[in-house]
Amino acid sequence: MSDPIISSSEITPKHLYLTRRDFIKAAGAAAAGLALAACGLAPAGKTAAPAAATPQITPAGEAPNSFEEITHYNNYYEFTTDKEEVAGLAKSFATSPWQVEVSGLVNRPGKFSVADLVKRYPPEERIYRLRCVETWSMVIPWLGFPLARLLKDVEPASDARYVRFETIYKPDEMPGQKQSFYPWPYQEGLRLDEAMHDLTLLATGLYGGELPAQSGGGIRLVVPWKYGFKSIKAIVKIELTAEQPATLWNSIAPDEYGFYANVNPQVDHPRWSQSMEHRIGEPGRRETLLFNGYAEQVAHLYDGMDLRVNF
Ligand SMILES: Nc1nc2c(c(=O)[nH]1)N[C@H]1C(S)=C(S)[C@@H](COP(=O)(O)O)O[C@H]1N2
Ligand SMILES: [Mo]
């Protein structure tokens with residue numbers, strides 16, 4: 001895997017991760033060490049001695065957000081629209097056992113348990129930026145497997161062009177689903193080539209452990225170059241279709257939330273600018289990156305498309 005993927009390596013238990021502050025210090029120390037070495041001034045016997053818990057200093061140099069931040073600042077309207085209340089309301093939501101049905105235009109449809117999927121496709125760690133359309137962002141160390149692996153195994157039929165995803169519907173356990181304003185269940189969609197891209201992940205874990213309910217457990221989608229609302233949580237259905245599927249946000253507000261929803265600093269939301277973002281845990285704001293920093297890997301998917309029309 002090359003650059004802008006914030007890099008992945010072996011699974012690191014969450015207590016071994018440095019906090020953002022530690023990371024920034026460690027990265028600074030590493031950079032200082034490099035500078036000294038380059039000048040031939042590295043103190044004898046101290047060259048490149050790795051720290052006990054080696055931080056994941058990634059090409060993008062971005063520290064993961066803390067487990068606490070990732071699991072206590074969530075968008076999950078099935079529970080509540082209050083980001084800081086999701087974790088509490090999702091506490092008793094059962095994420096295991098969990099089943100996903102794959103149907104539609106495939107030669108080998110089936111029902112799969114997450115336990116079986118994890119055996120079949122051993123999860124890898126992927127540290128991705130997540131950029132919400134509301135302009136906040138995080139860096140999250142997911143565990144998961146490429147959606148492409150599952151799709152290849154179910155054998156898309158020749159007329160399959162899109163993939164549709166659906167969230168579980170359980171209003172007795174998800175109080176937000178009792179609000180009829182939203183057309184539950186949450187649904188999302190991707191073009192088949194987007195779904196087959198190696199960056200597109202089905203996540204089953206976080207920080208080396210299970211995927212907490214508030215983060216989308218049993219299983220959720222992660223499409224790191226698109227606004228966060230495309231990364232649908234608690235998936236129970238994956239359907240291959242010939243036509244572009246309806247999506248929840250697009251059906252509520254088609255002028256504000258497109259089907260593509262690629263992160264793009266040049267294409268503003270009708271009610272706010274998308275040029276800057278706030279990384280949770282960081283003072284100030286930073287520039288938003290085209291395709292959330294994954295342009296090198298995904299820009300070709302949109303060759304010849306007008307990204308303002310297909311927003
Ligand atoms: N089912 C479902 N999936 C969802 C949402 C939701 O409300 N329901 N919110 C989306 C939005 S807007 C974002 S930004 C991300 C947030 O993921 P996180 O809470 O794990 O950071 O989940 C997305 N997936
Ligand atoms: Mo979002």
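A brief report on the enclosed structure follows. (Residues numbered from 1 in each chain as written. Chains lettered and ligands numbered in written order. Predicted model: local features only at pLDDT ≥ 70, side-chain atom pairs only at ≥ 80, totals over all residues. Heavy atoms only, no water.)

### With respect to the site of ligand 1
In the region of ligand 1, 16 residues are neighbours, and Asn74, Tyr77, Glu78, Ser231 and Lys233 sit closest. At 2.7 Å from a nitrogen atom of ligand 1 is found a side-chain nitrogen or oxygen belonging to Glu78. Considered on its own, ligand 1 offers 540 Å² of accessible surface; in the complex 98% of this is hidden by protein. For the shell around ligand 1, the residue count by class is eight nonpolar, five polar and three charged. (Near = heavy atom within 4 Å. Polar contact = N/O pair within 3.5 Å; in protein donor to acceptor, adjacent residues only side chain to side chain. Areas by Shrake-Rupley, 256 points an atom, 1.4 Å probe, with all protein chains shown as cover. Nonpolar A, V, L, I, M, F, W, Y, C, P; charged D, E, K, R; others polar.)

### Here we look at the packing of aromatic side chains
Per the stated rule, a full pass over the model turns up 18 aromatic pairs. Ring plane angle 85° and centroid distance 4.9 Å describe the contact between Tyr76 and Phe79, whose orientation is recorded as edge-to-face. Here Tyr76 and Phe79 have matching classes, each one buried. Measuring from centroid to centroid gives 5.5 Å for Tyr77 and Tyr182, while their planes differ by 70°, and the two rings are edge-to-face. Remark: Tyr182 occurs in the loop between strand S5 (162–167) and strand S6 (187–191) and Tyr77 occurs in the loop between helix H2 (67–72) and helix H3 (86–89); sequence separation between them is 105 residues. In this pair, the class of Tyr77 matches that of Tyr182, namely buried. Just above the ring of Tyr294 sits the side chain of Arg129; from NZ or CZ to the centre is 4.8 Å. (Phe/Tyr/Trp six-rings, centres within 6.5 Å; stacked < 30°, edge-to-face > 60°. Buried < 20%, exposed > 50% of the residue type's maximum accessible area, 1.4 Å probe, protein only. Helix = DSSP H or I, 4+ residues; strand = E, 2+ residues; numbered from the N terminus. Lys NZ or Arg CZ within 6 Å of the ring centre and 35° of its normal.)

### Observations regarding the side chain of Gln214
As for its position among the elements, Gln214 is in the loop between strand S8 (209–210) and strand S9 (220–222). On the basis of relative accessible area, Gln214 is assigned to the buried category, the value being 10%. Ignoring any residue separated from it by four or fewer positions in sequence, one finds Gln214 in contact with Thr71, Asn74, Tyr76, Val86, Ala87, Ala90 and Lys233. (Contact = heavy atoms within 4.5 Å.)

### Points about the pairing of strand S4 (residues 136–146)
The element S4 is largely enclosed, with a buried count of eleven among its eleven residues. One ladder, built from eight bridges, connects strand S3 (residues 124–131) with S4; its direction is antiparallel. Note on S4: the bridge partner recorded for Ile127 is Pro141. In this antiparallel pair of consecutive strands, S3 and S4, the connection spans four residues, and Thr135 shows a positive phi of 90°. Bridging between S4 and strand S11 (residues 276–279) involves two bridges; their strand directions are parallel. Across the sheet, Trp136 pairs through a bridge with His278, a residue of S11. (Pairing = 2+ DSSP bridges.)

### Observations regarding the nonpolar core
Nonpolar side chains in soluble globular proteins tend to end up buried together. Trp142, Leu150 and Ile238 are the most contacted members of the largest nonpolar core, which has 75 residues in total. If sequence neighbours within four positions are ignored, Trp142 has contacts with Glu124, Glu125, Arg126, Tyr128, Leu130, Leu201, Ala203, Gly205, Leu206, Leu211, Arg220 and Val222. (Core = buried A, V, L, I, M, F, W, Y, C linked by side-chain atoms within 4.5 Å.)

### Description of the environment of Ile140
By the element assignment, Ile140 lies in strand S4. By relative accessible area, Ile140 is classed as buried at 5%. Other than its neighbours up to four places away in sequence, Ile140 contacts Ile70, Arg126, Ile127, Tyr128, Leu130 and Leu206.

Worth remembering: the numbers are spatial, not functional.
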